[in-house]
Amino acid sequence: MNDHQISLANPKAAFEEHREEIQAAIDRFLHSGSYILGQEVKAFETAFASFIGLKHCVTVNSGTDALIIALKALDIGVGDEVITVSHTAVATVAAIEICGATPVLVDVDPKSYCLNPELLETVVSEKTKAILPVHLYGHPADMPSIMKFAKEHGLFVIEDCAQAHGTSLNGQVVGSFGDIACFSFYPTKNLGAMGDGGAVLTNQSALAEKVLLLRQYGWRKRYISEIQGFNTRLDEIQAAILNVKLPFLLDDNIRRRKIADVYSQALQGTGYLLPTTVTNAIHTWHLYVIQTDNREDLSAFLHQNGVGCGVHYPQAVHQQPAYRNRLKGSDHLPVTEKLVPRILSLPMYPQLPLDDVKRVCDLLLTQERVHWSSR
């Protein structure tokens, strides 16, 4: 086993890179005397809304809460159906069910791994109220096609942007296509806090006002609940950290693209199926995910040589014990079910040294030679 360890992700490296600024921000927060929904949260909400190109940003406790609040703000609940994918984090589907609505699954595109809009017609019904596309791994879903379908059928669109901070398609940043967008600031995200965090964004003022009420007990006036709400606030300290990191997001995404380019150039022409980017898209490479028919052996080999790798995700949502045999649409997801046993996420974070990336590539090439020579 190699003594030099290469992590799959490394949020500590981002802290080390901006240590002085982050510690100064935390010190500023501690001395502010305002610890809940104070100036740090307000500043971040303004800055992040501007970054996405929308009027309103309401921060919450997590990306999952962002999805729940967005669904609730659109009055989606019992008797409603929401079309989404199974090849995603379980939070996407869980949020729909928490709101009392019914998830309806549709397959993903084999190249982008995102919702295939050509299949929407096969699952839409009179009960359908919204489409919830996921911009997976940092690649944009086909939003123009999804928005066209939604408009034709009178449906809301909720964008799950948890892995796509800064991703764009045709020059438009994801999160700005639909009625409402949801982001996560989990530490390993492209824009990550040092704990949980999330945000709901929209251009619709009435919708933003409802999200604000839902975030904190339905309060417009303190202690007076106008509607049933939640307690899902972004901590001031996390907002302070995000205020430090947001200005570096675009540069960090460029660094991710450079790492992705090294992987793609070194592994081109091998037996590994490499990720691709559609025309006019800016992929932000939250994850670099290859496909291989030898995943278990390859994963074990990488770990033995000090390289962290992962599977996002080892089971599609409809295959997991809590959801098996009960989700609508789960009987016809051939692309998803072919992907799941083959995908492997390679190390990816902005501070990852290119020498480490090249070492990972060398190991992958070595293992491929071993694999093919034994066949």
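Residues numbered from 1 in each chain as written. Predicted model: local features only at pLDDT ≥ 70, side-chain atom pairs only at ≥ 80, totals over all residues. Heavy atoms only, no water.

Counting secondary structure elements, the protein chain contains 13 helices and 14 strands. A compact globule built from 375 residues would reach a C-alpha radius of gyration of about 21 Å, and the protein chain, at 21 Å, matches this within 12%. On the principal axes, the C-alpha backbone points of the protein chain span a range of 70 × 55 × 40 Å. By residue count, 55% of the 375 residues in the protein chain fall in the buried class. Across the protein chain, every contact between residues at least 6 apart in sequence was considered, and the portion connecting residues at least 24 apart equals 70%. Here the protein chain displays about 16,300 Å² of accessible surface, and carbon together with sulfur accounts for 51% of that area. The distance from the centre of the 33 positive side-chain charges to the centre of the 40 negative ones in the protein chain is 2 Å. (Helix = DSSP H or I, 4+ residues; strand = E, 2+ residues; numbered from the N terminus. Rg over C-alpha atoms; globule rule 2.2 N^0.38 Å. Buried < 20%, exposed > 50% of the residue type's maximum accessible area, 1.4 Å probe, protein only. Contact = heavy atoms within 4.5 Å. Areas by Shrake-Rupley, 256 points an atom, 1.4 Å probe, with all protein chains shown as cover. Lys, Arg positive; Asp, Glu negative; His and termini not counted. Charge placed at Lys NZ, Arg CZ, Asp CG, Glu CD.)

Burial runs high along helix α9 (residues 236-245): nine of the 10 residues are buried. Those residues of α9 that sit buried are E236, Q238, A239, A240, I241, L242, N243, V244 and K245. Tucked into the core, α9 has its buried residues touching α1 (11-17), α2 (19-32), α3 (39-52) and α10 (249-267).

Glancing now at the pattern of salt bridges. Where charged atoms of side chains with opposite charge meet at close range, the side chains can pair. Evaluated as defined, the whole model comprises 13 salt bridges. The closest approach of N and O atoms between R28 and E40, which form a salt bridge, is 2.7 Å. Taken as a pair, R28 in helix α2 and E40 in helix α3 lie far apart in primary sequence, 12 residues in all. Residues R220 and E226 are paired through a salt bridge, measuring 2.8 Å at the closest nitrogen-oxygen approach. A residue is classified by how much of its surface remains accessible, and R220, at 48% relative accessible area, is partly exposed. By relative accessible area, which is 44% here, E226 ends up partly exposed. What you see here is one network of salt bridges that share partners, running through E17, D252 and R255. (Salt bridge = Lys/Arg side-chain N within 4 Å of Asp/Glu carboxyl O.)

So, about the sheet that holds strand β12 (residues 281-282). Reading across from one edge, β7-β6-β12 is the order of the three strands in this open sheet, with antiparallel pairing throughout. The open sheet has two free edges, formed respectively by β7 (172-173) and β12, since each of these has just one partner strand. Examined bridge by bridge, strand β6 (residues 168-169) and β7 share two bridges and lie antiparallel to one another. Looking at β7, one finds that S168 is bridged to V173. (Pairing = 2+ DSSP bridges.)

So, on to the side chain of Q238. On the secondary structure map, Q238 appears in helix α9. For Q238, a relative accessible area of 10% corresponds to the buried category. One polar contact links the side chain of Q238 to the main-chain amide nitrogen of M194, over a distance of 2.9 Å. In this view, Q238 contacts A193, M194, G195 and D196; residues no more than four positions away in its chain are not counted. (Polar contact = N/O pair within 3.5 Å; in protein donor to acceptor, adjacent residues only side chain to side chain.)

Moving on, we get to the packing of aromatic side chains. Scanning all chains against the criterion turns up 11 aromatic pairs. Taken together, a centroid distance of 5.9 Å and an interplanar angle of 85 degrees make the contact between Y113 and Y137 edge-to-face. Of this pair, Y113 sits in the loop between β3 (102-105) and α6 (120-123) while Y137 sits in the loop between β4 (128-131) and α7 (143-153); the two residues are 24 residues apart in sequence, bridging distant segments of the chain. Considering the side-chain rings of Y263 and Y288, the 4.8 Å spacing of their centres and the 35 degrees angle between planes classify their relative orientation as tilted. Separated by 25 residues along the polypeptide, Y263 in helix α10 and Y288 in strand β13 (residues 288-291) bring together distant segments of the chain. (Phe/Tyr/Trp six-rings, centres within 6.5 Å; stacked < 30°, edge-to-face > 60°.)

Grouped together as the largest cluster of nonpolar side chains are 53 residues, with contacts concentrated most on F44, F48, I131, F183, F185, L191 and L201. Elements supplying a minimum of two residues to this core: α3, α6, α7, β8 (180-184), β9 (198-202) and α9. It is α3 that contributes the most residues to this core, five residues altogether. Counting residues in hydrophobic clusters, the runner-up holds 27 residues, among them W285, L298, V307 and L344. (Core = buried A, V, L, I, M, F, W, Y, C linked by side-chain atoms within 4.5 Å.)

Turning next to the packing of α3 against α9. Interhelical geometry of α3 versus α9 gives an angle of 45 degrees and a closest axis separation of 8 Å. Looking at the two axes, α3 sits oblique to α9. The two elements α3 and α9 meet at a crossing, and its hand is left-handed. The residues of α9 that touch α3, namely those facing Q39, E40, V41, A43 and F44, are E236, A239, A240, L242 and N243. Each residue belonging to the contact of α3 with α9 can be placed in one class, and the counts come to six nonpolar, two polar and two charged. (Axes fitted to C-alpha atoms, helices over the stretch in contact; angles between N-to-C directions. Parallel < 35°, antiparallel > 145°, perpendicular 65-115°, else oblique. Left-handed = near helix turned anticlockwise from the far one by under 90°. Nonpolar A, V, L, I, M, F, W, Y, C, P; charged D, E, K, R; others polar.)

The next thing to look at is the packing of helix α4 (residues 63-73) against helix α5 (residues 90-98). In contact at an axis separation of 9 Å, α4 and α5 are set at 40 degrees when each is read in the N-to-C sense. It follows from the interaxial angle that α4 and α5 lie oblique. Taken as a pair, α4 and α5 cross one another with a handedness that is right-handed. Where α4 abuts α5, its residues T64, L67, I68 and L71 lie against A91, T92, A95, I96 and I98.

Turning our eyes to something else, we now look at the sheet that holds β3. Consider a sheet: its strands pair through backbone hydrogen bonds, and that pairing is either parallel or antiparallel. Spatial ordering of the open sheet is given by β1-β9-β8-β5-β4-β2-β3, a layout of seven strands whose pairing is mixed. The strands lining the two open edges of the sheet, one partner per strand, are β1 (56-60) and β3. If you compare each strand with its neighbour and ignore which way they point, the axes differ by 25 degrees on average. Bridge analysis of strand β5 (residues 156-160) against β8 gives three bridges, and the strand direction is parallel. If you follow E159 over to β8, its bridge partner there is A181. Relative to β3, α5 is tilted by about 145 degrees, and along the sheet it contacts β2 (81-84), β3 and β5.

Scope: geometric values only; no functional claims are made or implied.
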